[in-house]
Every structure is written in structure tokens, then in C-alpha cells.
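Okay, here's what each chain looks like letter by letter:
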Amino acid sequence: MESRDIRQTFLDFFDQRGHVPLSSSSLVPANDPTLLFTNAGMAQFKDTFLGVEQRPYNRACTIQKCLRVSGKHNDLQSVGPSPRHHTFFEMLGNFSFGSYFKRETIRYAWELLTQVFLLPVERLWITVYIDDDEAERLWEETGVERRRILRFGEKENFWTMGDTGPCGPCSEIHYYLGSDVNAQRAEGINGVDDDYMEIWNLVFVQYNRDEQGGLTPVPSPSVDTGMGLERLACVLQGVKTTYETDLLRPVLQRVMELVSKDGDHYRRYRASYNTIADHSRAIAFLIADGVRPGNGWRDYVLRRIIRRAAYVGKTLGFERPFLASVAEAVIDTMEEWYPDLRIKREIISVVTTAEEERFNRTLTTGLRFLEVAINRMAQQNTAILPGREAFKLYDTYGFPLDLTQKILAERGLDVDVEEYEEGRREQQERSRIATHSKRGREKED
Ligand code: SER
């Protein structure tokens with residue numbers, strides 16, 4: 001099943017069950033200073049869950065653009081080596097604002113997966129929060145074998161949007177991708193084995209977490225579910241990784257064409273190709289949503305992502321800007337569902353190339369500087385790059401800290417982050433004083 005049909009089938013299923021299909025909100029959250037980027041389908045409904053905002057409906061469903069690059073939900077470090085983690089992804093979600101709770105949520109999810117998408121029940125596993133007897137019983141009543149329902153604690157089965165906000169116990173649906181159905185083991189769930197994959201998270205929203213970590217009940221128990229489109233597509237298209245789905249394959253294809261390499265090269269440098277494909281999606285969608293590379297809170301995330309992708313491209317042999325061309329493939333793949341990308345095609349290209357060119361001017365010399373520092377570390381028998389060197393890479397060569405960390409981690413090395421932060425604070429202080437005295441001089445003039 002193609003991803004466009006998956007999206008439509010999901011929305012139709014919930015529409016037929018009284019949910020209002022709504023558009024994805026922007027990746028830049030409206031009026032929420034606690035959230036860097038929209039990281040889940042529920043973000044646009046936060047105030048509705050908290051009872052602060054009333055809506056003329058109490059059921060909704062969406063396909064939400066999400067970005068997980070910082071804070072509580074951050075997948076940036078996993079992208080590349082992981083067969084299924086992304087910075088940018090789409091989340092299929094159904095929401096109840098006090099309309100229904102656990103029973104219907106579980107029933108709908110099971111019906112959609114097993115009767116509409118026809119997933120084999122013998123590959124599905126369920127997890128529930130450690131003390132959630134009710135959810136366990138409801139899954140059993142739905143027809144799930146008891147041995148396939150597992151209990152986990154806070155880390156896996158209690159979902160919170162960030163440090164604060166709506167939260168509650170959750171129940172997840174996992175899928176076994178392995179070739180031998182008889183080889184399945186309960187220990188595989190939430191483990192490191194890539195044959196097991198979480199596909200859908202059903203959150204039973206009961207509380208609001210405050211800044212002190214305290215929990216207060218929300219006005220009415222509600223529901224927030226989220227299923228990764230890329231992961232469901234992976235299952236329904238019979239592939240092992242999300243990068244092989246119709247959502248990402250054309251983007252990888254473009255990277256291969258640009259490096260003039262084939263599948264063998266891809267298999268050898270899979271993590272690099274995947275990183276570029278993943279980051280290009282984030283780049284295209286962030287720019288389309290109005291973000292520009294810079295040093296501000298949100299802008300710096302885009303800068304980091306572009307520079308990271310540019311560096312990875314260099315390791316694959318790119319000498320000139322190439323990301324705009326990869327972003328074109330993203331636009332071609334996604335514009336049918338997100339027509340905004342089509343309208344923003346030009347600006348996506350211009351902004352990406354300008355930032356890449358800016359970074360390319362210092363990338364080679366920065367890498368040389370780092371190489372010298374790494375040799376010195378070897379002589380001094382240390383695996384930690386002094387923070388002041390990492391700071392120089394940032395300040396003089398435009399290397400975001402996480403890029404320096406990534407390059408070092410590839411060789412089993414790390415950075416003295418504390419010393420780096422000290423350098424950054426000192427620089428901020430210096431520029432604060434400089435601005436202050438400049439203003440003073442202007443006044444005197
Ligand atoms: N908010 C939950 C999640 O992101 C379910 O949508 O996993």
C-alpha cells in the first residue's frame with residue numbers, strides 16, 4: 001500500500017467514527033514557548049486537553065508533521081545507523097477530548113490494524129503501563145493473547161510531551177518484522193533487536209505535569225494516539241527499514257545519482273546516505289514552515305541540521321553544494337500531500353544552498369584544524385578534545401558542538417562539554433559588554 005493511501009485510509013477510518021480530520025499544524029508551534037518544535041500530533045491540542053481551549057468537536061484525527069531534535073523527544077543521535085529513527089516524520093493520530101477513553105481507543109486501533117490494514121495478529125505485541133490492569137483486560141477482551149501483553153514502567157509506558165504538559169500512562173503496539181514468526185520472544189520488545197518495532201502509541205491523557213514535576217488531573221480523561229507513518233509504511237510495504245519505503249526511497253535515489261554511485265555504495269555507507277535523506281526532509285519542511293538558518297533558538301536547529309548534512313555529504317565525496325538538489329527530491333515525493341512545499345520550492349533551494357555555501361567556506365579548514373587536534377590528543381593519550389578547541393571550531397569554523405561530537409564519536413572520542421560551555425558563556429559576556437559600551441558611545445555622540 002502506498003503511503004498516500006495509508007494516510008487517506010487512516011483519516012477515513014476515524015472520520016467514519018466521528019473524528020474531524022484536521023490539517024497538520026506547522027512544525028513551529030503556535031503560542032507555545034515550552035516547545036522548540038512540534039514533536040507529536042497532540043501539540044496543537046495541548047490547551048484543549050488542559051481545558052483551556054474549547055473546540056466545537058470532541059474527536060479529531062490528523063497526519064502531523066513532527067520534528068524530534070531536542071529536549072525530551074530527541075532522535076537526532078540515532079539517525080543514520082538506525083533503520084527507523086528520523087528527525088522529521090509524519091504521525092498519524094486520533095484524539096478524544098473527553099469523548100472516549102481506553103475501551104474505544106484500544107478497539108479502534110486493533111480494528112484498523114487487523115481488519116483494515118490486515119496486519120497479522122501473530123506478529124503484534126502490546127505493552128501497557130505497569131499498573132494498568134484495565135488496559136490489559138481491554139486488550140484481552142479485544143482478542144489479544146495474554147502472553148502478548150507486556151507491562152513496562154515509567155520510561156516506556158508513561159508519555160509526557162516535555163518537561164511540562166499533558167501526560168498519562170500509555171499502551172504501545174509493536175510489530176515483529178523478523179522472517180521466522182516462531183522465533184518471537186517477549187524479551188525482544190523494547191530491546192535492541194531491530195526485528196521488533198514500535199508502531200503505535202496510545203496515550204491515556206489523565207494529568208498535566210507542572211514545572212515542579214507534580215501531576216494534576218486534566219478536566220476530562222482524554223486520548224492522544226500517534227503512529228509513525230514511515231513505520232507503518234515499512235510494515236505494509238514489506239520492507240525492513242523506513243528508508244526503503246516510498247517516502248524515503250526516492251530521496252536516497254537522488255543522493256545516489258548525485259554521487260554517481262549504486263546500491264553497493266549505499267550498502268557500504270548506509271548511515272551517511274540515510275542521514276542526508278533524513279536531514280533533507282527536515283530542511284525542506286522547516287524552511288517551508290518559515291524557519292531560516294541562524295543563531296536563534298529555532299534557527300540554530302536548522303543551521304545544525306544543514307551543516308551536519310553538509311559534513312556527511314563531504315565524507316561521501318561531495319565538493320559542491322548538493323542539499324538543494326536532494327531537497328528537490330523531497331518536494332517531488334511529498335508535494336502531493338503538502339502542496340505548500342511546491343509553493344516554497346524556490347526559497348527552499350535558495351536558503352539551503354546559501355547556508356551550505358557559507359559552511360563550505362570554513363568546513364575544510366575546520367576539518368584540518370580538528371585533524372591536528374586529534375593527532376595531538378593521540379600523542380597526549382587522551383580521548384577528550386579540550387572544550388576550548390571545540391569552541392574554536394564553533395566560533396571560527398562554524399562547527400555546531402553536536403557536529404564536532406559526531407565526528408569525534410566516529411573515532412571513539414569525545415569533547416569536554418563543560419569547558420566548551422564556559423567558552424561560550426565567556427564569549428556571550430564579551431559580546432554583551434561590547435554591545436553595551438557601543439550603545440553608551442552612541443548615546444554620548
Ligand atoms: N503523543 C504520543 C507520542 O508522541 C502519542 O501520539 O508518542
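The following paragraphs examine the structure supplied in this document. All values reported here derive from a predicted model rather than from experimental measurement.

### Thoughts on the pattern of salt bridges
- Tallied over the full model, the rule gives 40 salt bridges.
- As a salt-bridge pair, Glu 2 and Arg 4 come within 2.5 Å of each other at their nearest N and O atoms.
- Exposure remark for Arg 4: the relative accessible area of 36% places this residue in the partly exposed category.
- Where Asp 32 meets Lys 46, a salt bridge forms, and the shortest distance between an N and an O atom there is 3.2 Å. Of this pair, Asp 32 sits in the loop between strand S1 (20-22) and helix H2 (46-49) while Lys 46 sits in helix H2, and the two are 14 residues apart along the sequence. Each member of the pair, Asp 32 as well as Lys 46, is classed as buried.
- Because the salt bridges share partners, they merge into one network encompassing Asp 133, Glu 136, Glu 140, Arg 146 and Arg 151.

### A closer look at unusual backbone geometry
- Although it is not a glycine, Leu 118 sits at a positive phi angle of roughly 55°.
- Structurally, Leu 118 is set in the loop between helix H3 (102-116) and strand S6 (124-129).
- For Asn 381, which is not glycine, the phi dihedral falls at a positive 60°.
- Position of Asn 381 among the secondary structure elements: in the loop between helix H13 (345-379) and strand S12 (384-385).
- Residue Asn 381 is classed as exposed on the basis of its relative accessible area, which comes to 72%.

### A look at the pairing of S6
- S6 sits mainly inside the fold: six of its six residues count as buried.
- Two elements, S6 and strand S9 (residues 165-176), share four bridges in a ladder whose sense is antiparallel. By the bridge assignment, Leu 124 is partnered in S9 with Tyr 175.
- Of the strand pairs in this sheet, S6 and strand S7 (residues 149-152) are connected by four bridges, and their pairing is parallel. Paired with Val 128 across the two strands is Arg 151, which belongs to S7.
- With helix H4 (residues 133-142) bridging S6 and the parallel S7, this β-α-β connection has right-handed handedness.

Rules used in this analysis
Residues numbered from 1 in each chain as written. Predicted model: local features only at pLDDT ≥ 70, side-chain atom pairs only at ≥ 80, totals over all residues. Heavy atoms only, no water. Salt bridge = Lys/Arg side-chain N within 4 Å of Asp/Glu carboxyl O. Buried < 20%, exposed > 50% of the residue type's maximum accessible area, 1.4 Å probe, protein only. Helix = DSSP H or I, 4+ residues; strand = E, 2+ residues; numbered from the N terminus. Pairing = 2+ DSSP bridges. Right-handed = clockwise from strand over helix to strand, strands pointing away.

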